[in-house]
Amino acid sequence: MGFHRINLTVNGEMEQVDVTGYMTLLDMLREKLVLTGTKNGCAAGECGACTVMMNGEPVNSCLVLAVECDQALIVTVEGLARDTQLDPIQKAIMDAGGVQCGYCTPGVLIASRALLDRNPDPSESEIRAALVGNLCRCTGYIRIIEGVQEAAKM
Amino acid sequence: MVQIIGCENRLTSIVRLGISDRLEEFYNTMNAYPGLPEFDYLKPETYAEASEFLVTHAGEARPFIGGTDLFVQMRDRVLRPKYLVDVKGLEGMDEISFDNSGGLTIGAGVNMNRLIAAPEVAEHYQILAEAAQSVASYQLRTRATIVGNICNASPAGDTIGASLLLDGMLNIYGGQGMRQEALSTFFLGPGETILQTGDIVTSIWFPRPPDGVKGKYIKLGRNKLSDLSIVGVTAVGYPDADTVSGTHFKLALASVAPVPLVVEKVGEILGVTPVTEETLKDAAEAAMEACTPIDDVRGSARYRKLMVRNLSLNALKDVWHQLSLLNA
Ligand SMILES: Cc1cc2nc3c(=O)[nH]c(=O)nc-3n(C[C@H](O)[C@H](O)[C@H](O)COP(=O)(O)OP(=O)(O)OC[C@H]3O[C@@H](n4cnc5c(N)ncnc54)[C@H](O)[C@@H]3O)c2cc1C
Ligand code: FES
Ligand code: FES
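Everything numeric here is computed off the predicted structure, so don't read it as measured data.

S.K.: Can you help me understand helix 5 (residues 142-153) of chain A in this one?
M.R.: Since the α-helix turns once every 3.6 residues, residues separated by three or four places project in the same direction. All names here are of chain A. Helix length check: helix 5 (12 residues) gives 17 Å between terminal C-alpha atoms against 16 Å at 1.5 Å per residue, within 8%. Here helix 5 has its buried residues at Ile144, Ile145, Gly147, Val148 and Ala151. Down the axis, helix 5 shows its buried residues gathered within 155 degrees of arc, on one side only.

S.K.: Quick question: what am I supposed to make of helix 1 (residues 25-32) of chain A here?
M.R.: Residues and elements named next belong to chain A. Listed as buried for helix 1 are Leu25, Leu26, Met28 and Leu29. Each element contacted by the buried residues of helix 1 is listed here: strand 1 (3-10), strand 2 (13-20), strand 3 (51-54), strand 4 (57-60) and strand 5 (73-75). Once helix 1 ends, the next one or two residues include Val34, with phi positive near 50 degrees.

S.K.: Even after reading the chapter, I still don't get a nonpolar patch on the surface, so can you show me in this structure?
M.R.: A contiguous nonpolar surface patch, about 250 Å² in accessible area, is contributed by Leu86, Met94 and Val99 of chain A. Mapped onto the elements, Val99 of chain A comes out in the loop between helix 2 (88-95) and helix 3 (105-118).

S.K.: What should I look at first to understand the domain arrangement of chain A in this one?
M.R.: Often, the extent of an interface is quoted as the loss of accessible area upon association of its parts. All names here are of chain A. Assigned domains of chain A: these are domain 1 (3-77) and domain 2 (88-153). The C-alpha-based centres of domain 1 and domain 2 are spaced at 21 Å. Every contact between the two is made by 15 residues of domain 1 and, on the other side, 13 residues of domain 2. Across the domain 1-domain 2 interface, the total number found is 0 salt bridges. At the surface where domain 1 touches domain 2, the tally comes to 4 residue pairs in polar contact (both at pLDDT 80 or more). At 3 residues, the largest contribution of residues to the side of domain 1 that touches domain 2 is made by strand 3. In the side of domain 1 that touches domain 2, the residues fall into 7 nonpolar, 6 polar and 2 charged.

S.K.: Looking at this structure, I do not really get the side chain of Ser61 of chain A. What am I missing?
M.R.: Residues and elements named next belong to chain A. Residue placement: Ser61 occurs in the loop between strand 4 and strand 5. Here Cys50 takes part through its backbone oxygen, which lies 2.7 Å from a polar atom of the side chain of Ser61. Every residue in contact with Ser61, bar those within four places of it in the chain, is listed here: Thr24, Leu25, Leu26, Thr38, Cys50 and Val52.

S.K.: I would appreciate a short explanation of the domain arrangement of chain B in the present structure.
M.R.: Residue and element names in this part refer to chain B. Domain annotation for chain B reports domain 1 (96-206) and domain 2 (214-327). Taking only C-alpha atoms into account, the centre of domain 1 sits 21 Å from that of domain 2. On the side of domain 2, 20 residues touch domain 1, which itself brings 21 residues to the contact. In this assembly, domain 1 packs against domain 2 so that about 1,600 Å² is buried in total across both faces, 64% of it on carbon and sulfur atoms.

S.K.: What is the right way to look at the site of ligand 1 in this model?
M.R.: All names here are of chain B. Around ligand 1 lies a shell of 37 residues, among which Pro63, Thr68, Asp69, Thr145 and Asp158 are the nearest. In the environment of ligand 1, an oxygen atom lies 2.6 Å from a nitrogen or oxygen atom belonging to the side chain of Thr68. The side chain of Lys219 places a nitrogen or oxygen atom 2.9 Å from an oxygen atom of ligand 1. If ligand 1 stood free it would expose 990 Å²; the protein chains cover 94% of that surface. Mapped by element, the contributors of at least two residues to the shell around ligand 1 are strand 2 (61-64), helix 4 (70-75), helix 9 (146-152) and strand 10 (200-206). Considering each element in turn, the shell around ligand 1 owes the most residues, 4 residues, to helix 9. Across the shell around ligand 1, the residue classes tally to 19 nonpolar, 10 polar and 8 charged.

Reading the values: the criteria
- Residues numbered from 1 in each chain as written.
- Chains lettered and ligands numbered in written order.
- Predicted model: local features only at pLDDT ≥ 70, side-chain atom pairs only at ≥ 80, totals over all residues.
- Heavy atoms only, no water.
- Helix = DSSP H or I, 4+ residues; strand = E, 2+ residues; numbered from the N terminus.
- Expected span 1.5 Å × (residues − 1).
- Buried < 20%, exposed > 50% of the residue type's maximum accessible area, 1.4 Å probe, protein only.
- Arc of directions from axis to C-beta.
- Contact = heavy atoms within 4.5 Å.
- Patch = residues over 30% accessible without salt bridge, like charges linked within 9 Å, V, L, I, M, F, W, Y side chains within 5 Å.
- Areas by Shrake-Rupley, 256 points an atom, 1.4 Å probe, with all protein chains shown as cover.
- Salt bridge = Lys/Arg side-chain N within 4 Å of Asp/Glu carboxyl O.
- Domains from an automatic or database assignment.
- Polar contact = N/O pair within 3.5 Å; in protein donor to acceptor, adjacent residues only side chain to side chain.
- Nonpolar A, V, L, I, M, F, W, Y, C, P; charged D, E, K, R; others polar.
- Buried area = accessible area lost by both parts, 1.4 Å probe.
- Near = heavy atom within 4 Å.

Below, the structure is given as C-alpha cells:
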C-alpha cells in the first residue's frame, strides 16, 4: 500500500506528512506529529476524547482519515493557548473544577470552544446538547457545564 | 478469515485462528480497539472515473462520504475493502438548493449539521432537521450525511423515516449515466439496497411539501441522546380536502422490521373518518400490527411492539395537535 503526501496546518504550523490511506487523523496527530494531547478512548466515534477542530468544526479524529486532511486547518488541544495565555475555556473549566483524571478534557475543551465559536451565549441545554458526544466518567458533567457557562462570560 | 464471536474467550479465539494466520488477527484479539485494516484511498476527480474504478474493482472497493458507518464496520472487521473511494469532492456533492417549484436538493456530501442549519430545511422540511438532530453527537454530524445514512440501509437509520414520508428520490450516477430512484423501493433488507456496483448517489431530492405539513419524530434509545433507536416513529400530517377527515397522515417506523417501514394503513384509517382519540388509537394499533421486530441487545421484540403502539399514538397526537393549532 502506498503513501500519500499531505500538506496541512496544525495549530498554526504548516506540516508535510506521509501517511498511508488507512491512517486516522488521530493516529497521525499522536504518532507522526507527537501531539499526544488528543486521546483515544474508543476509536469508534462514541467517546469524544479524540475531538479536534477541522476547518473550524469539531470532528472525531478517530473517524477521519489523515489523507482527507490535505490542505486542512487542524486545531488540537495544544493549539488552544496563545503563548502562555490560556484560552478562556481552558481557564474556566480548570477554575470550575471540571477536570479530574483529565482523559476527556482535550475533547471537552475543543467541543466547548467550537460551541462558543458558533454560539457565544449558549443556554444550559445547548451546552448539554453540544457535549453529548464527550463522555466523562469522573466529573458528573455539572462542573464542565459550569465552566462553559463561565467561559461564555469572559 | 476466522470469525471471532464476541462471547468466546480470547484464548479460544486464538486457538481457532491457527498458527498460520496473520499476526494482525492475533493482535486484534488482544486489542479491544484495533485500528482500521489496511486499504488504499482514492479521490477521483469525476463521477465517470469513480464509477469505473468501483466496477473494475467490484467486491474490493467501496465509495464513502463521512465514513462514520463504514469505518466502524471496517474497524470491527465486518467489511474489509481493499480500496475506499472518497466521493464527497465530486461536482455538486457539496450543494444544497431549494426553490418553491423545484423542491429541495441536498448534495450527498452535505453533512448533517449543515442540513440542520439550512434555513430552507428548517422552514419547509422541519421533520428532516428534527430527525437529523437526533443522530449521534455534534462532532459526528460534522461528518455524517443523510445520503450515507440512507445508503447504509440500517433499519435504525434516523433520517430515513422522514425522507420516505417526504417522498425523497435519490439521484444516482451509474453505468447508464444519471437516473432517479424513489426511496420507497430502495431498501431490500438490512444493509441491502437496489444500488448496483459502480452506482454513486449524487444527491437526494424532495418535492415541495404539501402546504401546512407538520411532523414529529420520536426516538426511543437506551439513553436520552446519542444512541441508535430501539424504536423510531416519524409521523407527518397535512390538510387534505380529498379525505373525509380533511387531513392526510403518514407514519414510518425505524428498528422494527428488516427495512424502514411505512405503515400505509395509518393514512387509510385516519382518512376515511373524522380524526378522534379513538381513530388515532386504531391507527397506532395498526402500526403495532404492521411491524415485525426482533429481539436484540437494545430491546425485545415484544417491548418494541408495545412501544410502537404507544409512541405512534404520541406522535400522531402531536401532529394532530399541531394541525389543529394551524386551523385555530
Ligand atoms: C458513534 C456513532 C453514533 C451513531 N449514531 C447514529 C444515530 O443516532 N442514528 C443514526 O441513524 N445513525 C447513527 N450512526 C451511523 C452513521 O453515523 C450514520 O448512518 C451516517 O449518516 C452515515 O453517513 P456517512 O456519510 O458517514 O456514511 P458512510 O460511512 O460514508 O457510508 C455509509 C454506507 O453508504 C455507502 N455510501 C456512502 N456514500 C455513498 C454514495 N454517494 N453512493 C453510494 N453509496 C454510498 C458506503 O459504501 C457505506 O456502505 C452512528 C455512528 C457512530 C459511529
Ligand atoms: S476515540 Fe474517537 S470518539 Fe472515542
Ligand atoms: S475527567 Fe476523567 S473522564 Fe472526564
